[in-house]
Amino acid sequence: MWTPETIRNDFPILDQTVNGRQLIYLDNAATTQMPAPVLEAMTSYMLHDHSNVHRGIHALSERATGLMEKSREYVYSFLGAKGTEEIIFTSGATAAINLVARSMSFGLLEAGDEIITTEMEHHANLIPWQEACRRTGAVLHVVPVTKEGELDYGKLEALISRRTKLVAVTAVSNVTGTVNELDRIIRLAHDAGAWVLVDGSQAVRHGMLDMSAMDCDFFCFSGHKMMGPTGTGVLYGKREVLEQLPPETFGGGMVDQVFTDHATYGDLPFRLEAGTPNIMGIIGLGAAVKYLTDLGRDEIVNTEDRLLSLAEKELRARPQIDILGSPVKRAGCISFNIKGCHCYDTAKLLDQLGVAMRSGHHCAEPLLTAFGETGAVRLSPAFYNTEDEILEAMKALDRVIRLIERTVRK
Ligand code: PLP
């Protein structure tokens, strides 16, 4: 059995000083670090197998294709999908959501249709729907968030109707860490005949993944938030739903036959993967999935929940700190402000003390606005963080608080 202390050896990047202090990396909701097996899988591919996939019949191309398709198999069983054709590789969650939104606006949406999203979404799960509605004349509804940082389920129920074509919702907020009641949302949407797209970016490390149990129509995430490389991501879709999506990007790799005046398109998943994919990245993503699977989902979730609870308890013990939201269930991250101190100042001062935390609106401006804030500091642990690191980060925060109090008193 591993512990955060032992697992750290897999993450050489964590062993460094920043501004003369041992790095404490607590910005995992933005990007997680890659373990040695992921780096090795990508290096080995680049050294021995680098080539283009699906097109050549020479040895390198066949090896590259085999490695990439092995990653698809890892992802398919990681997600509990019904087949590898339900796994579309993208460059990230943003690209996955844009793929669905753009594709739907090529004939699946029309004036009078409705899309529902929420006030707590990352911009990546809001703006593509604004644009799809603008182009098609469909109407976008946005479910508000309560002061606790929960979705207003009453409002959601009132908004869903036979006109609703799709509900786009995050599994976990990337600001408050609120865990949404996906079962309830999916049931409501399906009763009305609507599809559901779940943005799983902040949930992939948190065990909310079983597609057959979840029954959503689409699920997406980015590789770099689950120990994989940047520039990789996944769009899962139920086969019967993906089959209804017209391709929205055209070119090599996605066709069946091409004539000068028209083309016919290939089968899933390739129909939705035009162009040369990020082969090295996808191989790294597969290695990350294997790494997480080997560590064990329950162990990861328990470790991260324990670290987050400790951080929340410590933050709540400091009267100078305002925490954004108090959801019933929180996962992955918690955001806060020191009273009277801009979040950028707090994060910059923490950085001087070796502590990496994100600050700003976290690409969720409507949610920050709902809380009456323009920004916040976000603490997001991963399973390689230790309780000592959380406590050290709190000591650093205390130094920042003392500095602010001295400055204000002057
Ligand atoms: N959705 C959520 C909830 C996120 O937290 C993020 C990234 O922070 C994204 C979408 C966008 O991910 P990417 O920029 O990797 O496409």
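The preceding data block contains the structure.
This structure is a prediction, so every number in the text was calculated from the model and none was measured.

### A few points about the overall build of the protein chain
Now for step 1: Helix and strand content of the protein chain: 14 helices and 17 strands.
Now for step 2: Over its C-alpha atoms the protein chain spans a radius of gyration of 22 Å, differing by no more than 12% from the 22 Å that the globule rule assigns to 410 residues.
Now for step 3: A burial count over the protein chain gives 56% of its 410 residues as buried.
Now for step 4: Taking the contacts inside the protein chain whose residues are at least 6 apart along the sequence as the reference set, 70% of them involve residues at least 24 apart.
Now for step 5: Summing over all exposed atoms, the protein chain offers an accessible surface of approximately 17200 Å²; the carbon and sulfur share of this is 52%.
Now for step 6: A distance of 6 Å separates the average location of the 40 positive side-chain charges in the protein chain from that of its 53 negative side-chain charges.

### Quick notes on the site of the ligand
Now for step 1: Around the ligand, the structure places Ala93, Thr94, His122, Ala124, Thr170, Asn174, Asp199, Ser201, Gln202, Ser222, His224 and Lys225.
Now for step 2: Separating an oxygen atom of the ligand from a backbone N or O atom of Ala93 is a distance of 3.4 Å.
Now for step 3: A distance of 2.7 Å separates an oxygen atom of the ligand from a polar side-chain atom of His224.
Now for step 4: Taken together, the residues of the shell around the ligand break down into 2 nonpolar, 8 polar and 2 charged.

### So, empty space enclosed by the protein
Now for step 1: For the structure on display, the rule yields 1 cavity of 30 Å³ or more.
Now for step 2: Forming the walls of the largest cavity are Phe78, Val204, Arg205, Gly207, Leu292, Arg297 and Ile300.
Now for step 3: Residue composition of the lining of the largest cavity, by class: 4 nonpolar, 1 polar and 2 charged.

### Topic: the pattern of salt bridges
Now for step 1: If you walk through the whole model with that rule in mind, you get 29 salt bridges.
Now for step 2: As a salt-bridge pair, Arg134 and Glu131 come within 2.4 Å of each other at their nearest N and O atoms. Of this pair, Arg134 and Glu131 are both found in helix 5 (residues 127-136), 3 residues apart, which corresponds to roughly one turn of the helix.
Now for step 3: According to the relative accessible area criterion, Arg134 is exposed, its value standing at 60%.
Now for step 4: A residue is classified by how much of its surface remains accessible, and Glu131, at 29% relative accessible area, is partly exposed.
Now for step 5: In this structure, Glu148 engages Lys147 in a salt bridge whose closest nitrogen and oxygen atoms are separated by 2.9 Å.

### A few points about the layout of surface pockets
Now for step 1: Quantified by volume, the largest pocket comes out at close to 290 Å³.
Now for step 2: Lining the largest pocket are 18 residues, with Phe89, Thr90, Ser91, Glu273 and Ala274 positioned closest to its centre.
Now for step 3: Broken down by secondary-structure element, the contributors of at least two residues to the lining of the largest pocket are strand 4 (87-90) and helix 4 (93-104).
Now for step 4: For the lining of the largest pocket, the element with the most residues is helix 4, which contributes 3 residues.
Now for step 5: Class assignment of the residues belonging to the lining of the largest pocket gives a composition of 7 nonpolar, 8 polar and 3 charged.

### Describing the sheet that holds strand 14 (residues 334-338)
Now for step 1: Taken in spatial order, the 4 strands make up an open sheet running 13-14-17-16, and their pairing is antiparallel. Both edges of this open sheet fall to strand 13 (321-323) and strand 16 (358-360), since each of them pairs with a single strand only. Ignoring strand direction, the axes of neighbouring strands in this sheet form an average angle of 35°.
Now for step 2: Relative to strand 14, strand 13 is paired through 3 bridges, and the arrangement is antiparallel. In the strand pairing of strand 14, Ile323 is matched with Phe336.
Now for step 3: Lying over the sheet, helix 12 (residues 343-352) contacts strand 14, strand 16 and strand 17 (376-379), oriented at roughly 160° with respect to strand 16.

Definitions and limits used
Residues numbered from 1 in each chain as written. Predicted model: local features only at pLDDT ≥ 70, side-chain atom pairs only at ≥ 80, totals over all residues. Heavy atoms only, no water. Helix = DSSP H or I, 4+ residues; strand = E, 2+ residues; numbered from the N terminus. Rg over C-alpha atoms; globule rule 2.2 N^0.38 Å. Buried < 20%, exposed > 50% of the residue type's maximum accessible area, 1.4 Å probe, protein only. Contact = heavy atoms within 4.5 Å. Areas by Shrake-Rupley, 256 points an atom, 1.4 Å probe, with all protein chains shown as cover. Lys, Arg positive; Asp, Glu negative; His and termini not counted. Charge placed at Lys NZ, Arg CZ, Asp CG, Glu CD. Near = heavy atom within 4 Å. Polar contact = N/O pair within 3.5 Å; in protein donor to acceptor, adjacent residues only side chain to side chain. Nonpolar A, V, L, I, M, F, W, Y, C, P; charged D, E, K, R; others polar. 1 Å grid on protein atoms, 1.4 Å probe; cavity = no way out; pocket = protein on both sides within 12 Å on 5 of 7 lines; lining within 4 Å. Points joined across faces, edges and corners; volume = space filled by probe spheres on them. Salt bridge = Lys/Arg side-chain N within 4 Å of Asp/Glu carboxyl O. Pairing = 2+ DSSP bridges. Axes fitted to C-alpha atoms, helices over the stretch in contact; angles between N-to-C directions.

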